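# Understanding the architecture of this molecule
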Amino acid sequence: MTTIDQTTSRPTQAVIRGVALALIGVAVCVAPLYLDTFWLRTGLTVASAAVGAIGLTILVGTTGQLSFAHPFLMAGAAVTYVTLADNPVNTAHLGLGLPPAAAAVLAIFAAGALGLAASPLASRLSGIYLGIATLSLVFIGQHILENWTAASGGFFGRPVPPMSLFGLSLADSPTPPVLLGVPLQREELLWYLSAAVIVVAWIAGRNVVHSRVGRSLAAVRDSEVLAATNGVNVRSAKRGAYIASSMFAGAAGVLFALTTGSVAPETFNLGLAISFLAMVVVGGLGSVAGACMGAAFIAGLPLLLQEFSDQLPLIVQTGEAGGMQASTATSYLAGALIVLCMLFEPRGLVGLATRGRSLATRALRRTRILTSRATHN
Amino acid sequence: MSHLTSLLLNGLSTGAVYALIALGLVLIYKCSQVVSFTHGTLVLLGAYLVGTMDDASGFIVALLIAVPVAAGFAGSINLTLLSRRAGAPPVSLAILTIGIDLVVLSVLTQQLGSNVLNISHPWGETRWDLGVASMSANRGIALLMVAAVAVSLYLIFTRSPWGLAMRAVSEDTEAAALMGLSRTTITTLSWATAGALACIAGMFMAGPPTPGVTTTVAVVALRAFPALIIGGLDSLRGAIVGGLLIGVAESLAAGYQHELQFMGSGFAEIVPFLLMLGVLVARPSGLFGSREMTRV
């Protein structure tokens, strides 16, 4: 049933929305001044996951193409960034000594190029065949990284050179920039960078989804034949979705590398691919906001469970016996949530939020009607 | 020459195990258009069930209990979860099976930890000497098993009423429903059969020459996906050919790893996936898969 919402008019909604956005903006800017390192690190991890999840939701949710390739693309971008930015004099590995900002941009384009390289596959294959084909990219990518030690650092990985923007190095330093009396070290600086990247990714993601392009992608998802008869070039639409999603994955890979401070091939495994799928499904397929919510949940939860394991029942520290490890607990929850979402609420957390809001407006309207009746009588 | 022969033979026998898993995946796909990402874990579950019970009750009894239990579990996954969403887009159904896989795999990981569970196969470490080469009895029996399964599936499909019903459902679900065939029953039966095959595959996979039941069984079982895709998602013959092909390719890459040193160490593990990509570029529906025909 669709009803026209009369209780809250459009201008009021816009005002509420503006105020909420401003509040969130202020909170994000002020947060690093008060939060300790653990919370900042959690935030950084969630941020890089959210950027990647926005990319994946365009591919899986909007275009309807199952993909496991995200870790492969993230690894490609992370290694490209490290290789381009590392100083050839100081490192035992390959290094070109480019400015880190340029290296980061090139790394994102490198991920896009990887997506483009995989796209002949994407445009030739349809449906589920493509999903299983991308499974192989994860394994092949890991194999390349493990063996091409000059670039990847091999099993133990290699340290990531810090980002530097406008002459400001985003690393710990003895003379840090000071904001409102708080020295801004590595985590605080990376927090602001991640916030900026998320804003860009959010706007870009929404523009892709809610535009002519997004509608053509959704048409491909619903029926390739129907899309083609309506003038959508199915192959190029799929290729475009792949490249766009790859570049989001690339940005996520660079952020991830900067956050963890080292890249190791082992990280970019099939488990990561499944985590990303869990994020977009739990958040709500095809929704940018949902991807971010899913990322906060799936990427943030293991860190929180780990940190507070001594205060939580059932959860134990890594290596301890007699309970569940934080990572196992997270995969239980993630799996159960995927199943529940697919069975009962395919729009995920976003769907739940919408339901909640419509329930609230309905209740609000009912009380207003009752009060107006009361005053009239 | 004997090196090559023994590599081929071992490849075929490893491939037989992949083929068993892939056969189950094809059965499921044909009936319900679901690609089951739960299957790697079902293989582990089967191996785990046999491994936990055979100390107390002996191998034969353990297997006789484990196979129906695994079949029942797979069937109930379909009955309680997947059949509720029958007809949903294949990608949603695949994601649903990923969710189920995460839960079941977490339970098994929690149970197994980093332990190795040994299965005491009655044939043990015996090796069959075939003159030119030798192979482990475990894998040899797996090869014979695949032949037996292939023959019986062929007979079931062509001769039995269930096979006919299954073909009818996979051909046209609505028409089959109008003829009084329950889609849920047929798909649940195919899931159960696939679960039984996965259990048997797990039992072989956790035997010599590989160590016992560890969580890596679920990862190795993922190599059945290349087998499935190479053969074609909906072709039983393709699953067998694909499985054997993957097994042989992997065995050759491992056997000639010195000659293949330039491809990096551990190359054999990714050969199945490279082979899959190669086949897909040439034939997008696999070797035997039915091609999607759309003209616009």
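Reading the values: rules and limits
- Residues numbered from 1 in each chain as written.
- Chains lettered and ligands numbered in written order.
- Predicted model: local features only at pLDDT ≥ 70, side-chain atom pairs only at ≥ 80, totals over all residues.
- Heavy atoms only, no water.
- Helix = DSSP H or I, 4+ residues; strand = E, 2+ residues; numbered from the N terminus.
- Rg over C-alpha atoms; globule rule 2.2 N^0.38 Å.
- Buried < 20%, exposed > 50% of the residue type's maximum accessible area, 1.4 Å probe, protein only.
- Contact = heavy atoms within 4.5 Å.
- Areas by Shrake-Rupley, 256 points an atom, 1.4 Å probe, with all protein chains shown as cover.
- Lys, Arg positive; Asp, Glu negative; His and termini not counted.
- Charge placed at Lys NZ, Arg CZ, Asp CG, Glu CD.
- Salt bridge = Lys/Arg side-chain N within 4 Å of Asp/Glu carboxyl O.
- Polar contact = N/O pair within 3.5 Å; in protein donor to acceptor, adjacent residues only side chain to side chain.
- UniProt positions renumbered as here; feature names shortened; annotations may be inferred.
- Disulfide = S-S within 2.5 Å.
- Core = buried A, V, L, I, M, F, W, Y, C linked by side-chain atoms within 4.5 Å.
- Phe/Tyr/Trp six-rings, centres within 6.5 Å; stacked < 30°, edge-to-face > 60°.
- Axes fitted to C-alpha atoms, helices over the stretch in contact; angles between N-to-C directions.
- Parallel < 35°, antiparallel > 145°, perpendicular 65-115°, else oblique.
- Left-handed = near helix turned anticlockwise from the far one by under 90°.
- Nonpolar A, V, L, I, M, F, W, Y, C, P; charged D, E, K, R; others polar.
- Patch = residues over 30% accessible without salt bridge, like charges linked within 9 Å, V, L, I, M, F, W, Y side chains within 5 Å.

Turning to the overall build of chain A, a few remarks are in order. Check the secondary structure of chain A and you find 14 helices and eight strands. Taken against the 2.2 N^0.38 rule, which gives 21 Å for 377 residues, the C-alpha radius of gyration of chain A at 23 Å falls within 12% of a compact globule. Taken over the C-alpha atoms alone, chain A extends approximately 85 × 60 × 50 Å along its principal axes. Buried residues in chain A amount to 48% of all 377 residues. Put simply, 72% of the contacts in chain A that link residues at least 6 apart link residues at least 24 apart.

Next up on the list: the overall build of chain B. Helices and strands together make up the secondary structure of chain B, namely twelve helices and two strands. Counted from the first residue to the last, chain B has its helices and strands arranged as α-α-α-α-β-β-α-α-α-α-α-α-α-α. Against the 2.2 N^0.38 benchmark of 19 Å for 296 residues, chain B shows a C-alpha radius of gyration of 19 Å, consistent with a compact globule. Counting only C-alpha atoms and orienting by the principal axes, one finds that chain B spans roughly 55 × 50 × 35 Å. Scored against the burial criterion, the 296 residues of chain B give a buried share of 54%. In chain B, of all internal contacts separated by at least 6 residues, the share reaching a separation of at least 24 is 76%. Carbon and sulfur atoms make up 65% of the accessible area of chain B, which amounts to about 12,400 Å² in all. Of the side-chain charges in chain B, 13 are positive and 13 negative, and the distance between the mean point of each set is 11 Å.

Another aspect to go through is the environment of G238 of chain B. Residue and element names in this part refer to chain B. With respect to the helices, strands and loops of the structure, G238 is situated in helix α11 (residues 236–255). Taking the relative accessible area as the measure of exposure, G238 reaches 0% and is therefore buried. Considered as a pair, G238 and A227 are eleven residues apart in the sequence and their alpha carbons are 8.2 Å apart. The residues contacting G238, other than those within four sequence positions of it, are A227, G231 and F288.

Tallying the contact residues gives 45 residues for chain B and 39 residues for chain A. Across the contact surface, chain B and chain A share zero salt bridges. On inspection of chain B and its partner chain A, the count reaches four residue pairs in polar contact (both at pLDDT 80 or more). When contributions to the side of chain B that touches chain A are tallied by element, the ones reaching two or more residues are α4 (90–112), α10 (224–231) and α12 (267–282) of chain B. Among the elements that line the side of chain B that touches chain A, the one with the most residues is α4 of chain B, at 14 residues.

With that settled, the discussion passes to the UniProt feature "transmembrane region" (unreviewed entry) in chain B. Residues and elements named next belong to chain B. On the UniProt side, "transmembrane region" (unreviewed entry) is annotated at positions that read residues 6–27, 59–81, 93–113, 140–157, 188–206, 212–231, 238–256 and 262–282 here. Spanning residues 6–27, this segment combines 100% helix with 0% strand, and its end C-alpha atoms are found 31 Å apart. Structurally, residues 212–231 comprises 70% helix and 0% strand, and the distance from its first C-alpha atom to its last is 29 Å.

To continue, consider the pattern of salt bridges. Residues and elements named next belong to chain B. Tallied over the entire structure, the rule returns three salt bridges over all chains. Close ionic contact of R223 with E250 constitutes a salt bridge, the shortest N to O distance being 3.1 Å. Placement of R223 in the loop between α9 (216–221) and α10 and of E250 in helix α11 is noted, with a sequence separation of 27 residues between them. On the accessibility criterion, R223 (13% relative accessible area) is buried. Its relative accessible area of 13% is what places E250 among the buried residues.

All right, on to the state of the cysteines then. Counted under the stated rule, the structure contains zero disulfides over all chains. Of all cysteine sulfurs, the one in C292 of chain A lies closest to C341 of chain A, which takes part in no disulfide; the gap is 16 Å.

This part takes up the nonpolar core. Of all hydrophobic cores here, the largest spans 196 residues; its most connected members are F68 and Y81 of chain A. Element by element, the count of residues in this core is highest for helix α1 (residues 2–32) of chain B, at 14 residues. For F68 of chain A, the contacting residues outside a window of four places in its chain are G131, T134, L135, V138, L270, A273, I274 and L277 of chain A together with F37 and I98 of chain B.

A complete count under the given rule lists five aromatic pairs over all chains for this structure. Note on F37 of chain B and F225 of chain B: the rings are 5.0 Å apart at their centroids and 20 degrees apart in plane angle, and the pair reads as stacked. With F37 of chain B in the loop between α1 and α2 (39–57) and F225 of chain B in helix α10, this pair connects stretches of sequence that are 188 residues apart. An aromatic cluster of three or more residues is present, and its members are F68 of chain A together with F37 and F225 of chain B.

It is generally the case that most residues other than glycine have a negative phi and that most peptide bonds are trans. Although it is not a glycine, Q33 of chain B sits at a positive phi angle of roughly 55 degrees. With respect to the element layout, Q33 of chain B can be found in the loop between α1 and α2.

It is worth spelling out the packing of α10 of chain B against α11 of chain B at this point. Residues and elements named next belong to chain B. Put simply, α10 and α11 touch, their axes get as near as 7 Å, and they point 130 degrees apart. With respect to α11, the element α10 is oriented oblique. Both α10 and α11 take part in a crossing whose hand is right-handed. In contact with P226, A227, I230 and G231 of α10, α11 contributes G238, A239, G242, G243, L245 and I246. Classifying every residue of the contact of α10 with α11 gives six nonpolar, four polar and no charged.

Residues and elements named next belong to chain B. Nonpolar side chains collect at one region of the surface, where I60, V61, L64, I65 and V69 lie side by side and expose about 450 Å² of accessible area between them. You can see V61 is positioned in helix α3 (residues 59–80). Assessed through its relative accessible area of 39%, V61 is described here as partly exposed.

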